[in-house]
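Notes for the structure review
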Amino acid sequence: MANAIVAEGLTKKFGSRLAVDRVDLSIPQGEIFGLLGPNGSGKTTMIRMLCGVLAPSAGRAMVGGYDIGREPEKVKRVIGYVSQKFSLYPDLTVRENLDFYGDVYGVPAGAGPQRKCDLIARCGLDGRENQTAGSLSGGLKQRLALACALIHQPRILFLDEPTAGVDPVARRFLWDLLFQLAQEGTTLFVTTHYMDEAERCMHVAYIHYGRLLVSGDPKAMKREEVANTHRRVEIICEPLMPALVVLRGAAHVDDVNVYGQALHVRLRDLPAARHGSEVALPYSVAAVRAQVMELLRGELSRAGIDVLSIRSVYPSLEDIFVSFARTIDRKDLL
Amino acid sequence: MRALRAVIRKEFIHIRRDPRLVGYVVVLPVIVLLLFGFALRLRVDNLTVAVCDQDRTFFSSEIKSRLQQEGGLYVTEVDAPDAVGDLIWTGKAHLGLVIPPGFSRRVADNQQTTFMLLVDGTMPTLAQAALYGARVLTDEDMADRLTLDDPDHPSPAVRKNPIRLDQTVLFNPHLRDSDFFLPGTMGIVMMLVSLALATGIVREKEQQTIEQLWATPISRLALVAGKMIPCAAVTVLDFVVALALSRWVFALPVRGSLLAVAALAALFIASVLALGTFVSVVSETQLQAHFISVFIFVVSILMSGFIFPIEAMPHWLQPVASALPMTYFLEAIRGLTLKGMPATHLLGDFAALAAFALLFGTLCTVGLKKQAA
């Protein structure tokens, strides 16, 4: 199957600041592609370039078979764009906004009314056709933006943080809709902060300071992490914050994060630990992990912390990305 | 074409649903026209002259009554010559006159007398009006009155001025200020409305709705034209209202062809809207656009000949007037209404306005960038 989106060395500089740094991408038709990354990492800049509203500084990209630098107007005919900020006309009604975009995209007059009805029903906007867009709730605004972006039945849909500030029920509704669209063959390019959303994507990439760090199938990425190292330990203890300090200073600990009442610890590369003085043979991963866990339990006890439970856990996608971001930050500091 | 129609329809909805715009479009123009029509007067009446009459005779009272009746001045009498200066200093009088003692005697002796006349020069317009009122002291008529009819001592033949004028004022025989101001006020009203309406593009920038538009295949021309056409339609309505008020409330004569007036208004609206839209294109916020528009508006009022003649401006500043659409509109509309000139004599003004509209319309379209750098 042909790729819907291909980027080669895509770069955007604002003055001397690199917002997007030599990004390579290829996204097959019909895929849900999730782009993750912290605020200011270049997600929106990427989307704006791919939508043809921002000229790249270097590199090239093909979207729907058209070059974004040379034929941006052709790109715009085959894509839909739901921007981060609500950008429809607040003083126009739901129907008037849809009519406007229908005309701007040149939706055939014959197909228009039926398509608008379908979209209103599909996006759960029925009964609100005559309400002004500005008076809609956050979730409904988002759905209207989606409806307007779908009015010309684009092959590729870009969504920039479509669920930011939207309640969980509305988020679920939106994602169900996105899955339907993907099944119908639409390619979706979604940026998000939410890891659970990323796990629903068929392909995720993590962008940090404009660099694309990892890219792949989220399930495979998790499996890989599990198979490779399985270095995640959950510790439930009292009190929590002093334990965090102790663990961050501990020899075998790479990273610690708070998860509710528990701490998630990412251990240092375990096979390497057998060269350490405290951990001896045998060196099956599970055995080494068990030894390290006992060491940590001992360290916490010596610090006067009451350890209630300590067990190994599977990493979430969030664990993977947070530790990625940390590793990069640390490298930047050096 | 469909995109253009869609933008036009959308813009009309924006105008209809914005309550502030309705005030701007309906209420303000009417208020401005009525205010300017009634209030803008260059002729100053009822200025006060402080008179210290040290003569107190029939002749001196003759002078005072003539100042009042024919000079259009209000006479306040004071006792001491010093008080004349005081009244001017405090602003209670604009002009001060001291009639010296023994004036009547000198008239009888056929001798000339020098009066002291003080003028407050703070506002030159007022000073000139006051001096114009005081001219009755020295005109021929006054000389006729200040003669003693004594058969025994016939006065020498009064030396008359060798020239007597029989003047006719053309185009505005009563020199009505409203006739002078109203044609320009119609232009002011149109500028006010169109500059207020032309902020559509910068509003889309501020609301960030333009980002969504740029992600569609809409053409820049469709956007610019689609924004300008509804504004033009509304401004045309305001022009009709302004013309009707000028005609029926202030009896402004329209001696030229009404068709030419309409064509002139259309060209003027197009040029001002194009200019306003260009401001909108180069501004990042509505506030910025408003500041620039206010600047253009003020310069258009002051430097187009609306109030002050362009001829009075220093030569090196006069090109500024040629850079304002208002200048050409004023020249042409005064020609069409007051002078009844045929449109063929005003083709230069028509062409200048058309050039403005074309230039700024093009700049708007070229200045908009669908793809940011």
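This write-up is about the structure you can find in this document.

Cut-offs used in this document
Residues numbered from 1 in each chain as written. Chains lettered and ligands numbered in written order. Predicted model: local features only at pLDDT ≥ 70, side-chain atom pairs only at ≥ 80, totals over all residues. Heavy atoms only, no water. Pairing = 2+ DSSP bridges. Helix = DSSP H or I, 4+ residues; strand = E, 2+ residues; numbered from the N terminus. Axes fitted to C-alpha atoms, helices over the stretch in contact; angles between N-to-C directions. Contact = heavy atoms within 4.5 Å. Patch = residues over 30% accessible without salt bridge, like charges linked within 9 Å, V, L, I, M, F, W, Y side chains within 5 Å. Areas by Shrake-Rupley, 256 points an atom, 1.4 Å probe, with all protein chains shown as cover. Salt bridge = Lys/Arg side-chain N within 4 Å of Asp/Glu carboxyl O. Buried < 20%, exposed > 50% of the residue type's maximum accessible area, 1.4 Å probe, protein only.

It is worth spelling out the sheet that holds strand 4 (residues 116-119) of chain B at this point. All names here are of chain B. In spatial order, the strands read 2-1-3-4; together these four strands make up an open sheet with mixed pairing. Looking along the sheet, the strands with just one partner apiece sit at the ends: strand 2 (73-78) and strand 4. The sheet shows a mean angle of 20° between the axes of neighbouring strands, direction not considered. Direction of pairing for strand 3 (residues 95-99) relative to strand 4: antiparallel, over a ladder of four bridges. Each residue of the ladder has a partner; that of Gly 96, found in strand 4, is Leu 118. Lying on the sheet, helix 4 (residues 81-89) is in contact with strand 1 (47-53), strand 2, strand 3 and strand 4; it crosses strand 3 at an angle near 175°. Helix 6 (residues 124-134) rests against strand 1, strand 2, strand 3 and strand 4 of the sheet, and its axis sits at about 155° to strand 4.

This part covers a nonpolar patch on the surface. Residue and element names in this part refer to chain B. Judged by side-chain polarity, Val 22, Val 26, Val 27, Ile 31 and Leu 35 come together as a nonpolar surface patch covering roughly 410 Å² of accessible area. Considering the arrangement of structural elements, one finds Val 27 in helix 2 (residues 19-39). Of the residues examined, Val 27 reaches a relative accessible area of 45% and is grouped as partly exposed.

Two side chains bearing opposite charge may form a pair once their charged atoms approach each other closely. Under the defined criterion, the tally for this structure stands at 27 salt bridges over all chains. A salt bridge links Glu 73 of chain A to Lys 370 of chain B, with the shortest nitrogen-to-oxygen separation between them at 2.7 Å. With Glu 73 of chain A in helix 2 (residues 72-78) and Lys 370 of chain B in the segment after helix 16 (347-367), this residue pair bridges two chains. Via salt bridges that share partners, Glu 8, Arg 60, Asp 67 and Arg 70 of chain A belong to a single interconnected network.

Residues and elements named next belong to chain A. Judged by pairing direction, the sheet is antiparallel, and its four strands sit side by side in the order 2-1-4-5 without closing on themselves. The open sheet has two edge strands, strand 2 (17-28) and strand 5 (66-67), and neither has a second partner. Pairing of strand 1 (residues 3-14) with strand 4 (residues 58-63), which is carried by five bridges, proceeds in the antiparallel orientation. Note on strand 4: the bridge partner recorded for Glu 8 is Arg 60.

A few words on the interface of chain A and chain B. Of the residues lining the interface, 34 residues belong to chain A; the matching set on chain B comes to 25 residues. For the pair chain A and chain B, the interface holds five salt bridges. As a salt-bridge pair, Asp 103 of chain A and Arg 9 of chain B come within 3.2 Å of each other at their nearest N and O atoms. Listing elements by their share of the side of chain A that touches chain B, those giving two or more residues are helix 2 and helix 3 (94-104) of chain A.

With that out of the way, let us pick up the pairing of strand 3 of chain B. Residues and elements named next belong to chain B. Burial of strand 3 is extensive: five of the five residues sit out of reach of the surface. As defined by bridge partners, strand 1 adjoins strand 3 across five bridges and the pair is classed as parallel. Looking at the pairing, Asp 53 lines up with Ile 99 of strand 3.

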